[in-house]
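Next come the chains, spelled out residue by residue.
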Amino acid sequence: MKIVLCHVGGANLGDAVILRCVKMMVGEILSGVGKVELVDVEIGKSHPLSEPERELCGWRAWVLDRLRRHHKKLCAILVWYWSRERADFLRRECRKLRGADAVFFVGGGVVKFRHQHLYPYVWEIVTRCRLSRTPVLFNSVGVEGYAREDSRCRFLRDALNSPCVRMMTTRDDAETLNRDYRTKAKWTAGRVADPDMWTPEAFGISKSAERSLVVGLNVIRPEIFKDYLYEVDAGSLTALYVELVRRLLAEGHPVELFSNGGMRDGEFIDRVMDGLGELRRDPRLTAFRPGTAEELVRRIAVYDRLLAVRLHAAIIGTSLGVPNVSLVWNRKQLLFGEAIGLSENFLTKDDFVAETVFVRLMAAKGYVGDAAYKDSVLSTLRAGLSSCPAFCPPCS
């Protein structure tokens, strides 16, 4: 049996943690089945697709100019079809789909169209699976908005409604999937846990492991707040971190600034360090830029408590029982807070005050755990695998 696992590429190591957790779960589910081949297909790590029209000239540019006003979706498809990025993806990854018994999108922010430009990859993979009659399963994907008039959104919606798509689960917004994206699909989306809730099992880390006294402060590029939810001035965000570091050190807590691996997130560490002046030389203050998923997970595991800004820093910390609070820049964080019953730990813009963050961080309790919530992603994965060709009729 050959199973293809499609995952988001790039420097954000939260997506690499997802892939490892799903591999562990799939391996457990299929432990009694003969030989199983798991093949990775990476989406989104190639040439930027932000303005691919610049690469097109001559008759292709003329065609796009004629189509742009009345056939925006077709225009979006042609831009992808003729792009350098698609050629690279076909050469590097798409050949791995051949002979697959099932194709999984393992999780992460896949159902979105305004940022990261993953939607043409989804369309390409689903289209090829429809032609080869291969079942496609979307596992605990993130959903970020819907806009009926946006050609990119319609491009994505068409892919999700392909007859080869057999399963759809989400970590957050099932309502948008079922109300807006679902038109003629066979699936009805259910809400399940994020795969990263299985981090302790996937990485062999015990929740009871001895921890240090270090408080971890996760960082993110300041522009992301405006991109998704509301504007937060880079200077005020820097000042928040600087004051929070000062307060923690004054209270006797060692502090570590860390990223989830992204280069632009890591640059904000330097900005905060510069804002601290001479205090940056304090031996109790450190910075950490992980290079692998293993490094990220094992570092979070030893923190006494954690300020999370990236969603997967919060999920990993939660799964390991590390008390944490989050600075919210995306609705998906609020939905995660609701799912685990800790909405009070997710702070929105009005609470971006150093004293407020400090008090909430010090008062945060570790996640006790909900077995049914955590098991939801495993049980739906098991159900999805039962729809492989050996157990169901082929797609039509």
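Below, the structure is looked at part by part.

Calculation rules
- Residues numbered from 1 in each chain as written.
- Predicted model: local features only at pLDDT ≥ 70, side-chain atom pairs only at ≥ 80, totals over all residues.
- Heavy atoms only, no water.
- Helix = DSSP H or I, 4+ residues; strand = E, 2+ residues; numbered from the N terminus.
- Buried < 20%, exposed > 50% of the residue type's maximum accessible area, 1.4 Å probe, protein only.
- Contact = heavy atoms within 4.5 Å.
- Areas by Shrake-Rupley, 256 points an atom, 1.4 Å probe, with all protein chains shown as cover.
- Salt bridge = Lys/Arg side-chain N within 4 Å of Asp/Glu carboxyl O.
- Pairing = 2+ DSSP bridges.
- Polar contact = N/O pair within 3.5 Å; in protein donor to acceptor, adjacent residues only side chain to side chain.
- Core = buried A, V, L, I, M, F, W, Y, C linked by side-chain atoms within 4.5 Å.
- Arc of directions from axis to C-beta.

1. Some thoughts on the overall build of the protein
- Each helix and strand in the protein was counted, giving 16 helices and 13 strands.
- When the 396 residues of the protein are sorted by exposure, 56% land in the buried category.
- Residue pairs at least 24 apart in sequence account for 75% of intrachain contacts in the protein once pairs closer than 6 positions are excluded.
- For the protein, the computed accessible surface area is about 16900 Å², with 51% contributed by carbon and sulfur atoms.

2. Describing the pattern of salt bridges
- Counted under the stated rule, the structure contains 30 salt bridges.
- In this structure, Arg-179 and Glu-175 form a salt bridge, with 2.9 Å as the shortest nitrogen-oxygen distance. With Arg-179 and Glu-175 both in helix H7 (residues 174–181) and four residues apart, this pair spans about one turn of that helix. Grouping residues by exposure puts Arg-179 and Glu-175 together as exposed.
- Salt bridges sharing common partners tie together Asp-88, Arg-91, Arg-92, Glu-93 and Lys-96.

3. Observations regarding the sheet that holds strand S11 (residues 305–308)
- With parallel pairing, six strands are arranged side by side in an open sheet as S10-S9-S8-S11-S12-S13. Looking at the sheet topology across the chains shown, the edges are occupied by strand S10 (285–288) and strand S13 (346–347).
- Bridging between strand S8 (residues 215–218) and strand S9 (residues 255–258) involves four bridges; their strand directions are parallel. The partner of Gly-216 across the bridge, within S9, is Glu-256.

4. Remarks on the side chain of Ser-376
- Residue placement: Ser-376 occurs in helix H16 (residues 371–385).
- By relative accessible area, which is 15% here, Ser-376 ends up buried.
- Within the local environment of Ser-376, its side chain forms a polar contact with the backbone oxygen of Tyr-373, the two atoms lying 2.5 Å apart.

5. What about unusual backbone geometry?
- In the Ramachandran plot, His-117 falls in the positive-phi region, its phi being about 55° despite a non-glycine side chain.
- Mapped onto the fold, His-117 is located in the loop between strand S4 (108–111) and helix H5 (119–132).
- With a phi close to 50°, Ser-140 is a non-glycine residue in the positive phi region.

6. Considering the nonpolar core
- With 89 residues, the main nonpolar core has Leu-217, Phe-225, Tyr-241, Leu-257, Ile-300 and Leu-327 as its most contacted residues.
- The leading source of residues in this core is helix H1 (residues 13–29), at nine residues.
- When residues no more than four places from it in sequence are discounted, the contact partners of Leu-257 are Leu-217, Val-219, Tyr-241, Val-245, Ile-269, Val-272, Met-273, Thr-286, Ala-287 and Phe-288.
- Core analysis: the second largest hydrophobic core is formed by 42 residues, Cys-6, Ile-43, Leu-97 and Val-141 among them.

7. Details of helix H12 (residues 293–302)
- For H12, the full list of buried residues reads Ala-293, Leu-296, Val-297, Ile-300 and Ala-301. In an axial view of H12, the angular spread of the buried residues amounts to 130°, which keeps them on one side of the axis.
- Close packing links the buried residues of H12 with H1, helix H8 (199–203), S9, S11 and helix H13 (311–319).

8. Considerations on the side chain of Arg-86
- Counting through the fold element by element, Arg-86 comes out in helix H4 (residues 84–92).
- For Arg-86, a relative accessible area of 11% puts it in the buried group.

The values are spatial; any link to function lies outside them.
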